[in-house]
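# Observations on the three-dimensional arrangement
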Amino acid sequence: MQIKKLVLVSFLLVMTLVFYGCNLKGKANSTSADFFKDLNQYEANVTVTFLKDKQPNTIKMKQIAKTDGTYEMTVLGPEHLKDVKMTCDGQRVLEYYPSINRTVEQQMSKAQNEILLTSFAKRYMTNENIKKQETQLDGKKMITYEMSIEGDFKYLSKEKIWLEEKNLTPVQMVLYDDEGNITIEVIYNDFKYNF
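None of these values were measured; they are calculated from a predicted model.

## Observations concerning the overall build of the chain
A tally of helices and strands in the chain yields 4 helices and 11 strands. Per-residue burial over the chain gives 35% buried out of 195 residues. For the chain, long-range pairs separated by at least 24 residues make up 39% of all intrachain contacts whose partners lie at least 6 apart in sequence. Carbon and sulfur atoms make up 51% of the accessible area of the chain, which amounts to about 12,400 Å² in all.

Below is the structure:
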C-alpha cells in the first residue's frame, strides 16, 4: 500500500514538473506577434517628431490608449502647449486648452490616431503583408515590423515599429510618406501595458 502511494506521489511530482516545464517553455517562446495580439491598453511617455515640414516639430506627451479606440494624450512640452489634453471616446475627440480654459470638439484625425501604438496593433491583426526583420538599434537587438497604411494618404503611406527583442518593448515607430520619407517619428519611454 505504501509503495503504491509512493509511486502515485512520484508520478504526480513528475507530471507537475513536466507541465511546469512546458509552461515555462511557452513563456520563453512568446513572440512579438503575441505582444500585438495580447495588447489591450498601454501607457507611455512619448516624443513625437513631425518631419514633413522643413523644420521638425517635436512634442512630448503622455499617451494612454486602449485597443477599443479610446485614448488620452496630455502634452508635456513644449511649454506653450503644456497640459493640452486630447481625449477620444472612440467616436469624437475633445481637446482641452488650459491657457484659455476651453474644450473644443474635433473630428477624429488620421494623423492623431497613427501616433498611437494601438492603431499599429489593430492594423497588424488584419494585415497580411507585414515585413519582419531582426536588426540592431543603439546596440540592442530589435525586431521590426513594417506595413502599408490603407487609404490614399500622401504623408501616411507605411509604418514601421521597433520592438526590443529581449522584452518585446516598443522603442520607436516611424511613419513614411508615399515617397519613402519619414514624416512622423514616435519614441517610447516608460512603456507599460495591460495594467
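## Comments concerning the sheet that holds strand β4 (residues 85-88)
Pairing within the open sheet is antiparallel, and its 11 strands lie in the order β6-β5-β4-β3-β2-β1-β11-β10-β9-β8-β7. Both edges of this open sheet fall to β6 (102-106) and β7 (131-137), since each of them pairs with a single strand only. For this sheet, the mean angle separating the axes of adjacent strands, direction not counted, is 20 degrees. Sheet topology places strand β9 (residues 158-164) next to strand β10 (residues 169-176); 7 bridges connect them, and they run antiparallel. Paired with K160 across the two strands is V174, which belongs to β10. Strands β1 (41-50), β2 (57-66), β8 (140-148), β9, β10 and β11 (182-193) of the sheet are contacted by helix α4 (residues 117-126), whose axis makes an angle of about 70 degrees with β8.

## What about the nonpolar core?
F36, Y42, L117, F120 and Y188 are the most contacted members of the largest nonpolar core, which has 37 residues in total. Apart from the residues lying within four places of it in its own chain, the contact partners of F36 are L117, F120, A121, Y124, M125, Y145, I161 and L163. Of all hydrophobic cores here, the second largest spans 6 residues; its members include L137, W162, V171 and V174.

## Quick look at the pattern of salt bridges
Per the stated rule, a full pass over the model turns up 9 salt bridges. Between D89 and R92 there is a salt bridge, with the nearest N and O atoms lying 3.5 Å from each other. Of the charged contacts, one joins E105 and R92 as a salt bridge, the two residues approaching to 3.4 Å between their closest N and O atoms. Here the residue E105 occupies a position in strand β6, and R92 occupies one in the loop between β4 and β5 (93-97), the gap between them amounting to 13 residues. In this structure R92 comes out as partly exposed when scored by relative accessible area, which is 35%.

## A word on the confidence of the model for the chain
On average, residues of the chain score 83 in pLDDT, and 82% of them reach the 70 mark or higher. Here residues 1-29 is a poorly scored stretch, pLDDT under 50, and it has 0 contacts once near neighbours within four places are set aside; other chains count.

## A look at the packing of aromatic side chains
Evaluation of the coordinates by the stated rule reveals 10 aromatic pairs. Taking 5.9 Å as the distance between ring centres and 35 degrees as the angle between the ring planes, the aromatic pair formed by F191 and Y193 counts as tilted. Residue class for F191 comes out buried when judged on its relative accessible area of 15%. In textbook terms, an aromatic cluster arises when at least three aromatic residues are bridged by ring pairs, as seen for F35, F36, Y42, F120, Y124, Y145, Y188, F191 and Y193. The aromatic ring of Y176 is capped on one face by K158, whose charged end is 5.3 Å from the ring centroid.

## Overview of the side chain of E95
One can find E95 in strand β5. This buried residue, E95, is left without a salt bridge; R102 holds the nearest opposite charge, at 10 Å. Side chain to side chain, E95 and Y97 meet in a polar contact 2.3 Å long.

## A look at the environment of G77
When you line up the elements, G77 lands in strand β3 (residues 71-77). With 16 residues separating them along the chain, G77 and M61 place their C-alpha atoms 6.9 Å apart. Not counting residues up to four positions away in its chain, the partners in contact with G77 are T58, I59 and K60.

Rules and cut-offs
Residues numbered from 1 in each chain as written. Predicted model: local features only at pLDDT ≥ 70, side-chain atom pairs only at ≥ 80, totals over all residues. Heavy atoms only, no water. Helix = DSSP H or I, 4+ residues; strand = E, 2+ residues; numbered from the N terminus. Buried < 20%, exposed > 50% of the residue type's maximum accessible area, 1.4 Å probe, protein only. Contact = heavy atoms within 4.5 Å. Areas by Shrake-Rupley, 256 points an atom, 1.4 Å probe, with all protein chains shown as cover. Pairing = 2+ DSSP bridges. Axes fitted to C-alpha atoms, helices over the stretch in contact; angles between N-to-C directions. Core = buried A, V, L, I, M, F, W, Y, C linked by side-chain atoms within 4.5 Å. Salt bridge = Lys/Arg side-chain N within 4 Å of Asp/Glu carboxyl O. pLDDT = per-residue confidence, 0-100. Phe/Tyr/Trp six-rings, centres within 6.5 Å; stacked < 30°, edge-to-face > 60°. Lys NZ or Arg CZ within 6 Å of the ring centre and 35° of its normal. Lys, Arg positive; Asp, Glu negative; His and termini not counted. Polar contact = N/O pair within 3.5 Å; in protein donor to acceptor, adjacent residues only side chain to side chain.

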